[in-house]
Amino acid sequence: MFDIIIRSALDIVGRTEGLIDAMRRVLQSDDLDEVQVYELDYEIERLGDVVFNVDEAVRSLARTVECWPQTALAHGIRRTLH
């Protein structure tokens, strides 16, 4: 189950990074007025911060999940957790 969560979250991060790049290209196209450019730029920065934090959290979760089998064996836990 955790592997599905991790893969899905990393997919979301990748898609969001692509969206951020696309929005930056729109900003450079000069089709928006100054207020729209400012608002979009602000949202890009906020979205980028969120994506960075989610990416770090998911990677940390992945590292934790990878360590669970070794931890269980080291502490004598021998049954499957559901």
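Bear in mind the structure is a predicted one, so any value in this text is a computation, not a measurement. (Residues numbered from 1 in each chain as written. Predicted model: local features only at pLDDT ≥ 70, side-chain atom pairs only at ≥ 80, totals over all residues. Heavy atoms only, no water.)

Focus: the overall build of the chain
Each helix and strand counted, the chain has two helices and zero strands in total. Buried residues in the chain amount to 15% of all 82 residues. In the chain, the share of contacts with a sequence separation of at least 24, taken over all contacts with a separation of at least 6, comes to 67%. Accessible area of the chain: about 6800 Å², with a carbon and sulfur share of 57%. (Helix = DSSP H or I, 4+ residues; strand = E, 2+ residues; numbered from the N terminus. Buried < 20%, exposed > 50% of the residue type's maximum accessible area, 1.4 Å probe, protein only. Contact = heavy atoms within 4.5 Å. Areas by Shrake-Rupley, 256 points an atom, 1.4 Å probe, with all protein chains shown as cover.)

Describing the side chain of Asp55
Mapping Asp55 onto the fold places it in helix α2 (residues 34–74). Of note is the side chain of Asp55, whose polar atom sits 2.9 Å from the side chain of Arg59. When sequence neighbours within four positions are dropped, the list of residues in contact with Asp55 reads Leu10 and Val13. (Polar contact = N/O pair within 3.5 Å; in protein donor to acceptor, adjacent residues only side chain to side chain.)

Remarks on the nonpolar core
Counting residues in hydrophobic clusters, the biggest one holds six residues: Val13, Ile20, Met23, Leu27, Ile44 and Val51. Of all the secondary-structure elements, those providing two or more residues to this core are α1 (2–28) and α2. Looking at this core element by element, the count peaks at four residues for α1. Leave out the neighbours within four places in its chain, and Val13 touches Val51, Val54 and Asp55. (Core = buried A, V, L, I, M, F, W, Y, C linked by side-chain atoms within 4.5 Å.)

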